Amino acid sequence: WGVAVNTDEASLAHPLLTSCCAAQFQQAMDSLRRTKVGLKGTLVTPSGAGSHNSWNVAMRQELDIFASMVFCRSLEGLKTRHSNIDFTIIRENTEGEYSGLEHSPAPGIVESLKVMTRHKAERIARFAFDFALKNDRKQVTCVHKANIMKLGDGLFLNTFRRIAEEYKSSGIKANDMIVDNTSMQLVGRPLAVEVVLRGGQRHVDAGAVDVVAAGREDIGHRIGRDARRGAKGRLGPLRRDQLHHVA
């Protein structure tokens, strides 16, 4: 390439590394803050009690990588069940079950805490509506499980509805769907959605939406990108003409 580039390298993938790896992880985070760019490979997280927490989750929380963005688009020349697919899934990355808070109050009992805050619900909702504005999208759909988790997802859904009122004058419509129904709709009627907003739902529920959108039901193409709050403010939503930068 003809360009001299200095690199920092941090190895966090060894399955036997636990507490001693925390220092290396912190060095990697400091390097990312300093350089503002990084190339990350797969980080393995062992399962079961006694293993270290997910480095991926820790990275999102440490750098406040609060928005996961998945772009789902049809590929020209690739015949699939549906054509002209073009929608985006936006997920809150740092709350819900991704808070990673668990404890055992008594032998044989484990409590996993799902943390939801109005502040982060407002932030991700505005992010989704701003993305819709910048990309000429006319509808934002909130995916939730408020029928069961009435307080946690209820807070997320009610906050979404309140923020939606602020964007009503822009002509953007807002609706919401339970996560189970969302998966069915993406299979049968993927053209009915434009921007899909998800909170930190259970991985099995939230992952189902991404899996369906990624093409397990022949929908099309998926590209992922994360957004975070940096030293100079939030990395704003992408425009369509910026998609070639995403890999």
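Not measured: the values here are computed from a predicted model.

(A) Focus on the overall build of the chain. When helices and strands are tallied, the chain shows 6 helices and 10 strands. Counting across all 247 residues of the chain, residues that qualify as buried make up 41%. For the chain, restricting intrachain contacts to residue pairs at least 6 apart in sequence, the fraction spanning at least 24 positions comes to 72%. Of the roughly 14,100 Å² that the chain leaves accessible, carbon and sulfur atoms contribute 53%.

(B) Structural detail: the environment of Ile178. The topology assignment puts Ile178 in strand β6 (residues 173-178). The class for Ile178 is partly exposed, based on a relative accessible area of 29%. It is 7.4 Å that separates the C-alpha atoms of Ile178 and Ala146, two residues lying 32 residues apart in sequence. Other than its neighbours up to four places away in sequence, Ile178 contacts His144, Lys145 and Asn147.

(C) Structural view of the pairing of strand β2 (residues 86-92). When you tally the buried positions in β2, you get 6 out of 7 residues, the bulk of the element. Pairing of strand β1 (residues 67-73) with β2, which is carried by 7 bridges, proceeds in the antiparallel orientation. Looking at the pairing, Cys72 lines up with Phe87 of β2. Pairing geometry for β2 and strand β7 (residues 195-198), over 4 bridges, is parallel.

(D) Examining the environment of Leu197 more closely. With respect to the helices and strands, Leu197 occurs in strand β7. A sequence separation of 55 residues divides Leu197 from Cys142, and the C-alpha atoms of the two residues are 4.8 Å apart. Sequence-distant contacts of Leu197, defined by excluding residues within four places in its chain, comprise Ile90, Ile124, Ala125, Ala128, Val140, Thr141, Cys142, Val143, Phe156 and Phe160.

(E) Structural view of the side chain of His144. With respect to the element layout, His144 can be found in strand β5 (residues 139-144). Residue His144 is classed as buried on the basis of its relative accessible area, which comes to 5%. Only 3.4 Å separates the side chain of His144 from the side chain of Asp176, close enough to count as a polar contact.

(F) Spatial organisation of the packing of helix α1 (residues 21-35) against helix α2 (residues 55-63). Packing of α1 against α2 leaves a shortest axis separation of 11 Å and a crossing angle of 45°. As summarised for this structure, α1 and α2 are arranged oblique, according to the angle between their axes. Of the two possible hands of crossing, α1 and α2 adopt the one that is right-handed. On the side of α1, the interface is formed by Cys21, Ala22, Phe25, Gln26, Met29, Leu32 and Arg33, while α2 contributes Trp55, Ala58, Met59, Glu62 and Leu63.

(G) Structural context of unusual backbone geometry. In this structure, Lys36 is a non-glycine residue whose phi angle is positive, near 65°. By secondary structure assignment, the location of Lys36 is in the loop between α1 and α2. Residue classification places Lys36 among the exposed positions, given a relative accessible area of 52%. Its identity as a non-glycine residue notwithstanding, Asp64 has a phi of 55°, on the positive side. Its location among the elements puts Asp64 in the loop between α2 and β1.

What counts and what doesn't
Along every chain, residues carry numbers that run from 1 in the direction the sequence is written. Predicted model: local features are reported for residues with pLDDT of at least 70 only, side-chain atom pairs are reported and counted for 80 or more only, and whole-chain, interface and lining totals are derived from all residues. Side-chain figures throughout are based on the complete set of non-hydrogen atoms in the structure, without hydrogens or water. Numbering of helices and strands runs from the N terminus, with a helix taken as a DSSP run of H or I at least four residues long and a strand as a DSSP run of E at least two residues long. Each residue is assigned to one of three classes by its accessible area relative to the maximum for its type, calculated with a 1.4 Å probe on protein chains only: buried under 20%, partly exposed between the two thresholds, exposed over 50%. We call two residues contacting when some pair of their heavy atoms lies within 4.5 Å. Areas reported here follow the Shrake-Rupley algorithm with a probe of radius 1.4 Å; residue values treat only the protein chains shown as occluding. Two strands form a pair only when DSSP identifies at least two bridges running between them. N or O atoms within 3.5 Å of each other form a polar contact, as long as, within protein, one can give a hydrogen and the other can take it, and as long as residues adjacent in sequence are counted only when both atoms are side-chain atoms. Inter-axis angles, ranging from 0 to 180 degrees, are taken between N-to-C directions of lines fitted to C-alpha atoms, where helices are fitted over the stretch in contact. By definition in this entry, angles of less than 35 degrees are roughly parallel, angles greater than 145 are roughly antiparallel, angles of 65 to 115 are roughly perpendicular, and the rest are oblique. Definitions for this section: a left-handed crossing has its near helix turned counterclockwise from the far helix by less than a right angle. A right-handed crossing has that turn clockwise.

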